[in-house]
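# Structural overview
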Amino acid sequence: MSQALVEYQAENHIATITMNDPKTLNAFSTVLKDAMMAALTKADEDEQVRVIVLQGAGNNFSSGGHIGEMLENGMESEALSDKLNFMVSEVAEISLKLRNIHKPIIAKLEGAVAGAGMNLALTCDFRIAAENAKFVQAFVNIGLIPDAGGIYLLNQLIGVAKTNEMVMLGDKLKAEDMARLNLVNDVVSNDELDASVLALATRLSNLPGKALASMKHMINTHAYMGLNEALDMEVEQQTMLAKTDDFKEGITAFMEKRKPVYQGK
């Protein structure tokens, strides 16, 4: 029997949600997104759960959007545009869900933290990174803009100048680079990651839950009020960019490099 694409475990008031598609480095497919939404809803509605940990299987957080699914209807402009419109809208729902759950959410980051995966990590309340974590806003390399609220979130967290640098150049960043930008709360050794995340989750679970929920509500109001509009704009822009030659050339080159991954080899 095949394993679930998202695994859920709740213990000691901590819900752990694990993206479980290691062969694609936990890329966001529609099926994985649906399973994640179900897991987040379960954690949100469970009164015994006070803290949520979001992580990836196979020593990677997430490689971002599932390019194989993006191209499953072919390279014709309208088919690509329609598929991308759907997938960007889907990942936007996860971003909103992460903010609308009024419980602290910790992103446990290791290995690949790329594209939409990086942006969903930015949507969480806390980010603990292992030294082996690699972060990248890779969208420019395939002629697209960041999704999952990427530009909006980065602008809120680090300002326009560094946001421009990160999204327009698409350079890979190490965990220590993210720490210098205050984009992660802590960087620990790979061996210490589990214990560090558990210690933070346990500490949060012992704090007054209603006060934490009110704090998150106020932070949403003051820092993330424009997230809905930003996500809507992403869908509009991605749909348009999916029809360009830059995207077709970029995505073709990308798939040639990554084909073994999406074929499970």
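Here is a short report on the structure shown in this document. (Residues numbered from 1 in each chain as written. Predicted model: local features only at pLDDT ≥ 70, side-chain atom pairs only at ≥ 80, totals over all residues. Heavy atoms only, no water.)

## Digging into the overall build of the chain
Per the secondary structure count, the chain includes 11 helices and 9 strands. Compactness check: the chain gives a C-alpha radius of gyration of 18 Å against a globular reference of 18 Å for 265 residues, within 12% of the reference. In terms of overall dimensions, the chain has a C-alpha envelope of 55 × 45 × 35 Å along the principal axes. Out of the 265 residues in the chain, the part that is buried amounts to 52%. (Helix = DSSP H or I, 4+ residues; strand = E, 2+ residues; numbered from the N terminus. Rg over C-alpha atoms; globule rule 2.2 N^0.38 Å. Buried < 20%, exposed > 50% of the residue type's maximum accessible area, 1.4 Å probe, protein only.)

## Description of the packing of aromatic side chains
For the structure on display, the rule yields 0 aromatic pairs. One residue, arginine 99, lies across the ring of tyrosine 224, its end atom 4.3 Å from the ring centre. (Phe/Tyr/Trp six-rings, centres within 6.5 Å; stacked < 30°, edge-to-face > 60°. Lys NZ or Arg CZ within 6 Å of the ring centre and 35° of its normal.)

## Let's talk about the layout of surface pockets
If you add up the space inside the second largest pocket, you get close to 380 Å³. Those elements that place two or more of their residues in the lining of the second largest pocket are strand S1 (6-11), strand S2 (14-19), strand S3 (51-56) and helix H8 (193-205). Sorting elements by how many residues they give to the lining of the second largest pocket places H8 first, with 5 residues. Class assignment for the residues of the lining of the second largest pocket results in 5 nonpolar, 7 polar and 4 charged. (1 Å grid on protein atoms, 1.4 Å probe; cavity = no way out; pocket = protein on both sides within 12 Å on 5 of 7 lines; lining within 4 Å. Points joined across faces, edges and corners; volume = space filled by probe spheres on them. Nonpolar A, V, L, I, M, F, W, Y, C, P; charged D, E, K, R; others polar.)

## Here we look at the sheet that holds S2
Spatially, S1-S2-S3-S4-S6-S9 is the arrangement adopted by the 6 strands of the open sheet, whose pairing is mixed. Two strands bound the open sheet, and with one partner strand each, they are S1 and strand S9 (186-188). Strand after strand, the sheet turns through a mean of 20° between neighbouring axes, direction not considered. Across 3 bridges, S3 lies against strand S4 (residues 105-109) in parallel orientation. Within S4, the residue paired with valine 53 across the bridge is isoleucine 106. (Pairing = 2+ DSSP bridges. Axes fitted to C-alpha atoms, helices over the stretch in contact; angles between N-to-C directions.)

By themselves, these observations are geometric and do not establish any function.
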